[in-house]
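The primary structure of each chain is shown beneath.
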Amino acid sequence: MPPSVPIATQMVHAVGTAWASKLKGEKNISIAYFGDGATSEGDFHEALNFAGVYKTPTIFFCQNNGYAISVPFEKQSASKTISQRAAAYDIHGVRVDGNDIFAVWLTVKEAVERALKGEGPTLIEAITFRYGAHTTADNPNIYRDQDEISTFWRENRDPITRLRKYLNKEGYWNEEQEELVIKQFNELIDAHLQRAEGYPKSDPLEMFNHVYAKESWHLKEQKQELNQILRKGGKK
Amino acid sequence: MGKNLTMLQAITEALDQMLGHDDRVMILGEDIGVNGGVFRSTEGLYEKYGKDRVVDTPLAESGIIGSAIGLALNGMLPIVEIQFLAFIYPGFEQLVSHAARMRYRTRGQFGVPLVIRTPYGAGIRGPELHSESVETFFAHTPGLKVVAPSNPYDAKGLLISALEDPDPVIFLEPTKLYRAFKEEVPDEMYRIPIGQAKVVQEGSDLTIFAWGAMLREALNAVKKIEAEKGWKCEVVDLRTLYPLDRDTIVQSIKKTGRALIVHEAHKTAGLGSEIISIINDEALIYLKAPIKRVTGFDVPVPPFTIEDHYLPTVDRVKQGIVETISF
């Protein structure tokens, strides 16, 4: 499903979609991603509870980067960990190093198998770190020792660095390959960026579409109204 | 072929037929399964269709509505019962930020064919928050449709239409009318289109627009007025609150030139305001008098000892008719 603004509400949707898969007898799971801050929202708790009651094939994947904008997890909850809250709902909970690609892969694989076997949901707490600011409007120096912490994580826990070290050591990777791949991906990104920037501007009248499957009379008329205004202004 | 049914029985029959007709249909809510619903609107369905399709949920409206959204997104046709209209409030975000928006957000790729059924309105001597009629909240939310039947026949037909609608529909069931009277309801599945009002009684001197439990007050008042003054009033049951049936509203105004709107909901920003605006836009010159609203007051529905004074009464409606026609 597309990203949306409200926090934690998607967790209950993941319960519902998984529930439907189960009812239809399909071998599908649903996975919802969220941050540490989301675990304070009511829907986090309602979702885990429902998932436990109906044993839905849902995976709840928490990316715990330690901060909800400026609020550190210690202020978010008295619980020492997020994964321990699974016990409150009698569902499976596991805490994993979120910057270890193999650990994450394995943990999710186990959760998928558990779900498909009909053994129900899993809460995964993946520990990671947010290097930069929450958004461009955020100044993390106000609420944390930005340089010191970021440097520590970058030097000791960076997921890409760790993977590179491992692959190099095992002979699966080297510097030439990396340079080539970086070049290729940069070109790909540039191409996609150019394409995206070249999209035609949105038609304002598009705002009236898809409110309902079939337009109501209100929308038909309001669309005409805006159309008149746009035409008069000489722009369309 | 039909049977004499109360509104409640008509609703149960509609649910039963829809569950039998389409495997994707399922109903969820608190106490609706084994207990058959606190009002008994789902009586017998759990025994007939089983726990996977008639689901007793945890006490968690956001969870109920949110997982129903997920069920609807992945191919099921869920009908949620929210025990009383005000209990939607804990799930309001799920309703307006997601159910109402999913089609818009995904540009038509996903829709949420969800029905939320809920007892609505006052006059049942309930404690606080058991007598709400805040239909305006839902009518004001793009992406939702709102429906309020006033009789058993309309209840069945509208509920089936609501279920077949690809968009989320709020189905308001006037609690006071659940067992108030019986009327003939056809055995087969039939539909009453959403967005279509009904002229339940024709007249030429004034039009009353009403819906839900207020239909009966309107009809009683009109009958008394005809006996006392000889005036013949037209009564329009709106049946759908969003989208309003503008054509029927305007046609009636052009015929009678006078209007009264009766609704339980609070006066300010109640749907009476919207109806008057529509008439203002389309038929102002046909009006012989300002339009009156006979409504609930701008107060939380008061405790049951004085509840009857909050609600529009036959006398208040009569007075409104007299003042409008005498203008």
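Refer to the preceding data block for the structure.
Report on the accompanying structure. (Residues numbered from 1 in each chain as written. Chains lettered and ligands numbered in written order. Predicted model: local features only at pLDDT ≥ 70, side-chain atom pairs only at ≥ 80, totals over all residues. Heavy atoms only, no water.)

1. Describing the overall build of chain B
Within chain B one finds 12 helices and 14 strands. In terms of overall dimensions, chain B is globule-like: its C-alpha atoms have a radius of gyration of 20 Å, near the 20 Å expected for 327 residues. Principal-axis analysis of the C-alpha atoms places the extent of chain B at approximately 60 × 40 × 40 Å. Looking at chain B residue by residue over its 327 residues, the buried ones come to 61%. In chain B, once contacts between residues fewer than 6 apart in sequence are set aside, the share between residues at least 24 apart is 82%. Accessible area of chain B: about 12400 Å², with a carbon and sulfur share of 51%. Across chain B, the centroid of the 35 positively charged side chains sits 4 Å from that of the 43 negatively charged ones. (Helix = DSSP H or I, 4+ residues; strand = E, 2+ residues; numbered from the N terminus. Rg over C-alpha atoms; globule rule 2.2 N^0.38 Å. Buried < 20%, exposed > 50% of the residue type's maximum accessible area, 1.4 Å probe, protein only. Contact = heavy atoms within 4.5 Å. Areas by Shrake-Rupley, 256 points an atom, 1.4 Å probe, with all protein chains shown as cover. Lys, Arg positive; Asp, Glu negative; His and termini not counted. Charge placed at Lys NZ, Arg CZ, Asp CG, Glu CD.)

2. Looking at the pattern of salt bridges
Within the structure shown, the criterion is met by 31 salt bridges over all chains. Glu125 of chain A serves as the salt-bridge partner of Arg95 of chain A, at 3.1 Å between the closest nitrogen and oxygen. Linking Arg95 of chain A in strand S5 (residues 92-97) with Glu125 of chain A in strand S6 (residues 122-127), this pair joins segments that are 30 residues apart in sequence. The exposure class of Arg95 of chain A is partly exposed, given its relative accessible area of 45%. Residues Glu323 of chain B and Lys292 of chain B are paired through a salt bridge, measuring 3.2 Å at the closest nitrogen-oxygen approach. Note that Glu323 of chain B is positioned in helix H12 (residues 314-325) and Lys292 of chain B in strand S14 (residues 292-296), a separation of 31 residues in sequence. Classification of Lys292 of chain B by relative accessible area gives partly exposed; the value is 30%. Look at the salt bridges and you will find they share partners, linking Lys3, Glu13, Lys156 and Asp187 of chain B into a network. (Salt bridge = Lys/Arg side-chain N within 4 Å of Asp/Glu carboxyl O.)

3. Quick notes on the environment of Ala103 of chain A
For Ala103 of chain A, the location among the structural elements is in helix H5 (residues 101-116). Along the sequence, Ala103 of chain A and Val211 of chain A sit 108 residues apart, while their C-alpha atoms lie 43 Å from each other.

4. Digging into the sheet that holds strand S10 (residues 206-210) of chain B
Residue and element names in this part refer to chain B. Spatial strand order, S9-S11-S10-S13-S14: five strands in an open sheet with mixed pairing. Pairing within the sheet leaves two strands with one partner each, and these edge strands are strand S9 (198-201) and S14. Strand-to-strand twist across the sheet, computed as the mean angle between neighbouring axes with direction ignored, equals 25°. In terms of strand pairing, strand S13 (residues 259-266) meets S14 through five bridges, oriented parallel. (Pairing = 2+ DSSP bridges. Axes fitted to C-alpha atoms, helices over the stretch in contact; angles between N-to-C directions.)

5. Considerations on the packing of aromatic side chains
Residue and element names in this part refer to chain A. Counted by the stated rule, this structure contains 17 aromatic pairs over all chains. Between Phe34 and Phe44, the ring centres sit 5.9 Å apart and the planes meet at 65°, which makes this aromatic pair edge-to-face. Note that Phe34 is positioned in strand S1 (residues 30-35) and Phe44 in helix H2 (residues 42-54), a separation of 10 residues in sequence. Between Phe129 and Tyr131 the ring centres are 6.1 Å apart and the planes differ by 65°, which places this aromatic pair in the edge-to-face class. (Phe/Tyr/Trp six-rings, centres within 6.5 Å; stacked < 30°, edge-to-face > 60°.)

6. Here we look at helix H3 (residues 61-73) of chain B
Residue and element names in this part refer to chain B. The end-to-end C-alpha distance of H3 is 18 Å, a good match for the 18 Å that 13 residues give at a rise of 1.5 Å each. In terms of burial, H3 is a largely internal element, 13 of the 13 residues being buried. The first or second residue beyond H3 is Gly75, which carries a positive phi of 95°. (Expected span 1.5 Å × (residues − 1).)

7. Observations concerning the interface of chain B and chain A
Each side of the interface is counted separately: chain B has 45 residues, and chain A has 35 residues. In total, chain B and chain A occlude about 3200 Å² of area from one another, counting both sides; carbon and sulfur atoms represent 64% of this. Our count for the chain B to chain A interface comes out at two salt bridges. Residue Glu221 of chain A pairs with Arg246 of chain B through a salt bridge whose shortest N-O separation is 2.2 Å. Counting across the interface, chain B meets chain A through 23 residue pairs in polar contact (both at pLDDT 80 or more). Mapped by element, the contributors of at least two residues to the side of chain B that touches chain A are strand S2 (25-29), strand S3 (54-56), H3, helix H4 (92-99) and helix H5 (102-105) of chain B. Here the side of chain B that touches chain A gets 10 residues from one element, more than from any other, and that element is H3 of chain B. Tallied by class, residues from the side of chain B that touches chain A come to 20 nonpolar, 15 polar and 10 charged. (Buried area = accessible area lost by both parts, 1.4 Å probe. Polar contact = N/O pair within 3.5 Å; in protein donor to acceptor, adjacent residues only side chain to side chain. Nonpolar A, V, L, I, M, F, W, Y, C, P; charged D, E, K, R; others polar.)

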